[in-house]
Structures are given as C-alpha cells and as structure tokens.
Amino acid sequence: MFRLFRSKIYVALVLTITTLGIGVLGYRYVAGYEWIDAFYMTVITITTVGYGEVNPLTPEAKIFTVILILCSVVIVGYAIAVITEYIISKNTYLTLKNRRVQKQINNLNHHIIVCGYGRNGRQAVEKLRAYNKPFVIIERDDEIINRYEDAHTLFVKGNANEDETLLGAGIDRAKTLITALPDDADNLFVVLSARQLNSSLKIISRAEYETSQKKLKLAGADNVIMPNRIGGDHMASLVVHPDLIEFLDNLSVVGEEDSINVEEICFEQICPDNKSATIKAIDLRYKTGCTIIGYKAPSGKYIVNPSADKVLEEGSKLIVIGRPEQIKKLHETFMT
C-alpha cells in the first residue's frame, strides 16, 4: 500500500518541479524577466498568493500566465492531496498496528521480555522461538523494528530504562526478563527498574566487563552473562577437549534429526498429586526413553547423575537428556 503511495508522491513531485521549470523559462523568454524575477513570478503564480507583477506583462505573457495558473492549480492540488493522504494513511496504519500489538501483549502472561535486539538479543529470541516460549522485544531503533517485525514477533518501541516502556511490555505479568543491551550502565538501570516493578521476576543480564557483574547482581539480576568471556573459554576448550565440547554443543541443538536435546521437568509435572517418589518409581527411562543426568533440589543445589533411590522433593527439578523424539514423548507424557 505504501509503495503505491510513494509512486504517487514521486509523480506529484515530478509534475510540480516540471511546472516550476516551465514557469521560470516562460517568464524569462516570453516576458523578458531576469532569472530571479522569473522564479519569483512563477512561485507567486503557482501558489496563487496574489502579489503584483514585477513588470507589466505583455499580451503573450498574460496568456502564458493564465495557462500556468490553470495547470498549476490542478498539479499543486494533486500533490497536496497525495501527500496529505499518505501522511493520514500512514499515521492510521501505525496507530492500528500499535493497538494490535499492544492488545496481543496485554493477553500475555508469564512471558519473557528481551531488552535490545542486537546480536545477543537475536540469539536469545531464536532459542525462545525454538521452544515456543512467548516473548516481547523492547527496541528503540526504528530500522531494526521495521526489518524484523512480523506477525509472530512483538516489538515495543522505546527505551527499556523507562518504567512506562517496561509496563507496556507487560513487566508486571512477565516471568523472565533478559536485558542484552550493549552498554552495562543501561543494563544496570533496566535491572533496577524491572526489579522494582516486579519483585518475583527472574532477571538475566548481559555484561561487558567483570566490574559490572557484581553491580548487576546487587541491583537484582539473578544471572549475569559475559558473552566475551564465554566465547574465549569456549574457543580454548575446543583446543583442549574438542570432542567433548562438540558433543556438549550438540546438546543445545533443537529439533534437528539425530541431534541430542536436554530438557528440564518440574516435580509438579512428574508427580501431579504432589506425593514424593523416587527416581526409580517414576521410571522415566522406560516411559520416554530419556535419561536423567541431573537433579536440582528446592534449595538450588545440583546433583549430577542422581541415584535411582533419590527421592524427589516438592519444588525440585530433573534434568534429562534424549533424542528429539524422546524429548517429544517426554512432553506428551508429563508436560502437556
């Protein structure tokens, strides 16, 4: 729709400039005006402001003026109409689009808010999309929003440091916030604002420098990720333990054939009656084919490769590993 409007605007501009050029040439050679006087006469004639002539017009110049007035009224009127229609239509479209997006956001609960859609933000969104997690992106760059916005990607335009923007993204109903802004000071302000608006929110922040890590923790961040340090460690590990690291990298691949997936499952999903049971009793391996590789106690303590006699406690989680079809069966059996 806007492409059609732009073509109309180009036509209107070409016609207006052509009329202006014809008018200047006409007054220069028909009426014998100087260039500046010819330009002046053309402008006041096209715009019909009603000023007097610079010099008395000859009969030929008067006929030229009449023709110029009749043509310019139509052309300038067309240009004004096209530009006005474009502005009104664009504003109406943007208003309706913003209302639609805001309505979708208002219907979300326990969603994830991603602040900043740079390299790290896009990687986070790709992972969330792979797991079908609902999310909202806060971004202030119009170019980025226009490039990546679609029916399945909800953007809130604004500064994530401002409470109004966070509330517009549903911070009061959100489950997790990921702030991946490039500047540590901006991330710090986002963490402070988010923690104030939602005390139960899980906050994950990006940090560029180690000195910022402690400050972000004190501000309320639950986890602080340093991509540069992780990248360096990962590259060094590929030298020391290449096969092990390659295997671990495959654990994060989602949905690819012959890949390995890792998933977590809550106590409430395994034991819907809230009665404690041992790992052996739930027989997860037989029911789904997945293997339990970790146990997270309600206190937050992790146990690697828990024994079959380990009793699952309320509020605990199991970390399991399996192929995509086994993870799918896990979801169908316990997580639907």
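Above this text you will find the structure in question.
Residues numbered from 1 in each chain as written. Predicted model: local features only at pLDDT ≥ 70, side-chain atom pairs only at ≥ 80, totals over all residues. Heavy atoms only, no water.

Participant: Tell me about the packing of aromatic side chains, and name the residues and values.
Facilitator: A complete count under the given rule lists five aromatic pairs for this structure. Ring plane angle 10 degrees and centroid distance 6.0 Å describe the contact between Y27 and Y33, whose orientation is recorded as stacked. Each of the two residues, Y27 as well as Y33, counts as buried. Ring centres of Y117 and F155 lie 5.4 Å apart, and the angle between their planes is 90 degrees; on these two criteria the pair is classed as edge-to-face. With Y117 in the loop between strand 1 (112-115) and helix 4 (119-130) and F155 in strand 3 (residues 155-157), this pair connects stretches of sequence that are 38 residues apart. The exposure classification of Y117 matches that of F155, with both residues buried. The rings of Y27, Y33 and F64 are connected pair by pair, giving a single aromatic cluster. Here the guanidinium or amino end of R28 rests over the ring plane of Y29, the centre of that ring lying 5.6 Å away. Above the plane of the ring of Y117 lies R122, whose end atom (NZ or CZ) is 5.9 Å from the centre. (Phe/Tyr/Trp six-rings, centres within 6.5 Å; stacked < 30°, edge-to-face > 60°. Buried < 20%, exposed > 50% of the residue type's maximum accessible area, 1.4 Å probe, protein only. Helix = DSSP H or I, 4+ residues; strand = E, 2+ residues; numbered from the N terminus. Lys NZ or Arg CZ within 6 Å of the ring centre and 35° of its normal.)

Participant: Run through the layout of surface pockets, naming residues and quoting values.
Facilitator: The space that makes up the largest pocket amounts to roughly 2,200 Å³. Contributing to the lining of the largest pocket are 45 residues, with K127, L128, I178, K202 and I204 lying nearest its centre. If you list the elements that add at least two residues to the lining of the largest pocket, you get helix 4, strand 4 (176-179), strand 5 (202-206), strand 6 (223-225), helix 9 (227-240), strand 7 (261-266) and strand 10 (317-322). In terms of residue class, the lining of the largest pocket is made up of 19 nonpolar, 15 polar and 11 charged. (1 Å grid on protein atoms, 1.4 Å probe; cavity = no way out; pocket = protein on both sides within 12 Å on 5 of 7 lines; lining within 4 Å. Points joined across faces, edges and corners; volume = space filled by probe spheres on them. Nonpolar A, V, L, I, M, F, W, Y, C, P; charged D, E, K, R; others polar.)

Participant: Just give me the short version of the pattern of salt bridges, but keep the residues and values in it.
Facilitator: Summed over all chains, the structure comprises seven salt bridges. One salt bridge connects R173 with D172, and the closest N-O pair in it is separated by 3.7 Å. Judged by its relative accessible area of 21%, R173 is partly exposed. On the basis of relative accessible area, D172 is assigned to the partly exposed category, the value being 46%. Its salt-bridge partner being R206, residue E208 comes within 2.8 Å of it at the nearest N-O pair. Its relative accessible area of 26% is what places E208 among the partly exposed residues. (Salt bridge = Lys/Arg side-chain N within 4 Å of Asp/Glu carboxyl O.)

Just distances and angles here, no functional claims.
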